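# Reading the structure
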Amino acid sequence: MRREGNREYVDDVAIVRSITDPAEATSELMKCRGDTLVYHTGNENVILEVRTRPGLRGAI
């Protein structure tokens, strides 16, 4: 993985399982912690934007 500014470019991934249901994918995304990442594999490159204060808009 290399980092440029606030972006990390992922070079190596391991697919644990495929999620076809959008609701389940959203649920898994919301439960992610630590080094776990849910990402749409339709994208050719995995680029993560690193935020200093992660959160969702409108979430309390």
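Predicted model only: the values in this text are computed from it and were never measured.

### Some details on the overall build of the protein
For the protein, the count of helices and strands is one helix and three strands. Each helix and strand of the protein, placed in order from N terminus to C terminus, yields the pattern β-β-α-β. Among the 60 residues that make up the protein, the fraction classed as buried is 7%. The contacts of the protein with a sequence gap of at least 6 include a subset with a gap of at least 24, amounting to 43%. Of the roughly 5800 Å² that the protein leaves accessible, carbon and sulfur atoms contribute 49%.

### With respect to the sheet that holds strand E2 (residues 7-10)
Read across the sheet, three strands follow the order E1-E2-E3 without closing on themselves; strand pairing throughout is antiparallel. Bordering the open sheet on either side are strand E1 (2-4) and strand E3 (46-49), each of which pairs with just one other strand. When the angles between neighbouring strand axes are averaged without regard to direction, this sheet yields 25°. With four bridges connecting them, E2 and E3 associate as antiparallel partners. Among the inter-strand pairings, Glu8 is bridged to a residue of E3, identified as Leu48.

### Quick look at the confidence of the model for the protein
Here the protein shows a mean pLDDT of 77. Residues at 70 or above account for 82%. When pLDDT is averaged over each helix and strand of the protein, the minimum, 77, is found for E3 and the maximum, 87, for helix H1 (residues 22-31).

### Points about the pattern of salt bridges
Applying the stated criterion across every chain, the model contains six salt bridges. Linking Arg3 and Glu8 is a salt bridge whose minimum nitrogen-to-oxygen distance equals 3.6 Å. In this structure, Arg17 engages Glu24 in a salt bridge whose closest nitrogen and oxygen atoms are separated by 3.0 Å. Bridged by salt links that share partners, the residues Arg17, Glu24, Glu28 and Lys31 form one connected network.

### Some words on the pairing of E2
Bridging between E1 and E2 involves three bridges; their strand directions are antiparallel. Bridge pairing links Glu4 to Arg7 in E2. Counting the residues between successive antiparallel strands, the hairpin from E1 to E2 contains two residues, one of them, Gly5, with a positive phi of roughly 65°.

Here is what the cut-offs are and how they apply
- Residues numbered from 1 in each chain as written.
- Predicted model: local features only at pLDDT ≥ 70, side-chain atom pairs only at ≥ 80, totals over all residues.
- Heavy atoms only, no water.
- Helix = DSSP H or I, 4+ residues; strand = E, 2+ residues; numbered from the N terminus.
- Buried < 20%, exposed > 50% of the residue type's maximum accessible area, 1.4 Å probe, protein only.
- Contact = heavy atoms within 4.5 Å.
- Areas by Shrake-Rupley, 256 points an atom, 1.4 Å probe, with all protein chains shown as cover.
- Pairing = 2+ DSSP bridges.
- Axes fitted to C-alpha atoms, helices over the stretch in contact; angles between N-to-C directions.
- pLDDT = per-residue confidence, 0-100.
- Salt bridge = Lys/Arg side-chain N within 4 Å of Asp/Glu carboxyl O.

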